[in-house]
Amino acid sequence: MLIKQAGILGKITFIVQPNHAFLPLLAETCVITSDQLSFMLNYGKVAPIILSIEEVNMYMKNWLKGLTLSLALSSVALATPDAHAVDQFTDYLKTQHHFAHQHIDGADVLVLPVAEGGLVLPQKWSDAAKQIITDAVALEGFEGKQGQFLELLALPEFYAKRLWLVGTGTELERAAAERIGATLASKLSDKMNTVVVHGKDLNPNQIAAIAHGMDLRSYRFDRYKSEPAARPEYTVHWHGRDEAAAKAAYALTQPVAHGIFVARDITNLPGGDGYPKAIAEMAAEAVANYDIKATVYSPEQVKELGMGALYGVSQGSQHKAHLLVLEYQGGAANEAPIALVGKGNTFDTGGYNLKTSGSSIVRMQTDKAGGAAVIGAVMALAGQQAKVNVAGVVPLSHNLISGTALLPGDVVVTGDGTRVEVVNTDAEGRLILADGIWFARDQLKARAIADIATLTGSKARALGTDYAAIFSEHDALIGAMQAAGELTEEQVWQLPLGPYDGIIDSWLADVQNVGSPGAQAGARFLQHFAKDTPWIHIDMAANAYSTSAKGIHPAGANGYGVRLLSEWVKNYSDAE
């Protein structure tokens, strides 16, 4: 690597290994300052801070000869091996789904979906097996209600080792079918390799939904495990009325699952590895195989565009703000896009309004869940080749404390020129979203905007984890969002926007970033930047993460919002 700095000109090589994570990069010509060099040496724990040219030259000659520096071209942000994305859906899962009627002897599991009150056993099964099944059903009170499950082992003259009866109820909607799939996946052990589903009473969409639920529950985030548990490798053979239609319906779920997996990866990634630049690169890698244009705005470009609120939140961190923009064009060339804006605060200490609860701050890598949902939703829409133009805008920040961090009472200037008094540095999400919404409205000329964020504790206290809160004055957007929530079981509940006059007034600047009630203050603040563009705000605080597996979600990040947003875009576009 050739380094030029205040008269130094020479080829030098040395190693910086932050946290023992070394990612080799191509040697390039690069200009660094003394402060940057000092930071790198100090961060890598290879030397004390060095400022003078003579000391730098002497140190390099005596101590750094023969080693290799990994340095990004124009930044001191150091990448890690963990900050990467899987760009193929099939690379996430070792499981497979086959849609063809093929008799298989010796299957580990045969699954028989049973409608409520409608148990009909295939005629070809032996009388002895059918009698045992009938007796067991009566003994256990199995009626085929949704959620009921009955396992029978080693049936006589039977072509599978286990029979699972699964209740489908009277009507099997998409979300319920996905839950059934998740139940099946959770019960399959690593010793079960062959599964047959006798789905003659299911339509192709129901079969696809069950398979989708199995996929979503089978996701693992194990990159930090020294000895990760074996991932499931079963193959599911689906016997239905129309296997070709079921295969086509299942294919449409794969980009959705991929988007959810990427969103989960991004949300789960710890703050030390998942800083703004790393997440931007991760997202660009994830969408590489889709018809999506990815643009990453550097900290310098963010500043040049006048996005002072976004830049300000990260100014106390060595990892400065970035802006990620994803554009998919499935509609007419001259059609304005529908914009999705997601909060991408990659870690939140609270700034100088420091989070003082250990249980709260330890999960603050999930503060980027809204941005992750936007990335996944754009992937889902592109993968399904939706007939709509959509743009994903993800402002990425890193809210830390230092001598250069924002102070309570500071004033920042947003992209539209609004001067904001930062009354609370822990209300940073609305600051970065303000510039994201402005960018969607002013730069992308969006015809409608939905923003999504883990924004306020007030929302969590009001609605808990079963619902996200939505705020809007546009009935068409609200209706489309409520329908999407019902379909995906990512439920939403509308809260009022006003009047709440004066809720974000500031004596010092144009507006301030907090007010009461808290969830409404956040929404009113964001509404200011949407102006007359149709806009809806989703506060998903407490919806992004769970410490235990439930339904289609394993423990950890759940990818909340990917399906909600992608369905909302299609609903709203179709209704226009």
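Within every chain, residues take consecutive numbers counted from 1 along the sequence as written. With pLDDT at 70 or above as the cut-off, local features in this predicted model cover only qualifying residues; side-chain atom pairs require 80 or more to be listed or tallied, and sums for whole chains, interfaces and linings still use all residues. Here the side-chain values reflect all heavy atoms present in the structure, with hydrogen atoms and water set aside.

**A few points about empty space enclosed by the protein**
No. 1: Points on a 1 Å grid, built from protein atoms alone, make a cavity when a 1.4 Å probe fits but cannot get out and make a pocket when they are open with protein on both sides within 12 Å along at least 5 of 7 lines; residues with an atom within 4 Å of a point are the lining residues. Grid points are joined across faces, edges and corners, and a volume is the space filled by probe spheres set on the points. As enumerated under the stated definition, the model contains four cavities of 30 Å³ or more in all.
No. 2: The space that makes up the second largest cavity amounts to roughly 50 Å³.
No. 3: Along its surface, the second largest cavity is lined by Val111, Pro113, Val166, Thr168, Ile180, Leu184, Val197, Ile210 and Trp238.
No. 4: Strands are runs of DSSP state E lasting at least two residues, helices are runs of H or I lasting at least four, and both sets are numbered from the N terminus onward. Where the lining of the second largest cavity is concerned, the elements lending two or more residues are strand S5 (109–115), strand S7 (162–169) and helix H4 (174–187).
No. 5: When residues are sorted by character, Ala, Val, Leu, Ile, Met, Phe, Trp, Tyr, Cys and Pro go into the nonpolar class, Asp, Glu, Lys and Arg into the charged class, and all the rest, Gly among them, into the polar class. Taken together, the residues of the lining of the second largest cavity sort by class into eight nonpolar, one polar and no charged.

**Describing the sheet that holds strand S6 (residues 149–153)**
No. 1: Taken together, six strands build an open sheet; the order of strands is S4-S9-S8-S5-S7-S6 and the sheet is mixed. A strand with exactly one partner marks an edge of an open sheet, and here the two such strands are strand S4 (96–99) and S6. Between one strand axis and the next, the sheet turns through 20 degrees on average, direction left out of account.
No. 2: The pairing criterion for strands is at least two bridges between them, as found by DSSP. Summarising the sheet, strand S8 (residues 194–199) and strand S9 (residues 235–240) pair through six bridges and their orientation is parallel. Pairing of valine 197 across the sheet is with tryptophan 238, part of S9.
No. 3: Only heavy atoms enter the contact rule, under which two residues are in contact if any of them lie within 4.5 Å. Fitted lines through C-alpha atoms give the axes, limited to the stretch in contact for helices. The angle between two N-to-C directions lies from 0 to 180 degrees. Most of the contacts of helix H5 (residues 204–218) go to S9, to which it runs at about 165 degrees, and overall it touches S4, S8 and S9.
No. 4: Against the sheet, helix H6 (residues 243–268) engages S4 and S9, with an angle of about 150 degrees to S4.

**Overview of the pairing of S4**
No. 1: Burial of the side chains of S4 is restricted to one face: His97 and Phe99 are buried, whereas none of Gln96 and His98 on the reverse face is.
No. 2: Sheet topology note: the S4/S9 ladder contains four bridges and is parallel. Directly across from glutamine 96, in S9, lies its bridge partner threonine 235. Partly exposed residues are those whose accessible area sits between 20% and 50% of the maximum for their type, while under 20% is buried and over 50% is exposed, using a 1.4 Å probe and protein chains only.

**Some thoughts on the pattern of salt bridges**
No. 1: Only one rule defines a salt bridge in this text: a Lys or Arg side-chain nitrogen within 4 Å of an Asp or Glu carboxyl oxygen. Enumeration according to the criterion identifies 17 salt bridges in this entry.
No. 2: One salt bridge connects glutamate 489 with arginine 179, and the closest N-O pair in it is separated by 2.6 Å. Placement of glutamate 489 in the loop between helix H14 (475–488) and strand S19 (492–494) and of arginine 179 in helix H4 is noted, with a sequence separation of 310 residues between them.
No. 3: Lysine 570 is the partner of glutamate 567 in a salt bridge, and the nearest nitrogen-oxygen pair spans 3.5 Å. Here glutamate 567 pairs with lysine 570, and both are found in helix H16 (residues 562–575), just three residues apart, close to one helical turn.

**Focus: the layout of surface pockets**
No. 1: Roughly 660 Å³ of internal volume is contained in the largest pocket.
No. 2: As for the largest pocket, its lining consists of 23 residues, of which Thr465, Asp466, Glu489, Lys550 and His553 are closest to the centre.
No. 3: Within the residue set of the lining of the largest pocket, elements represented by two or more residues are H4 and strand S22 (545–546).
No. 4: The element that contributes the greatest number of residues to the lining of the largest pocket is H4, accounting for three residues.
No. 5: A per-class count over the lining of the largest pocket returns six nonpolar, 10 polar and seven charged.

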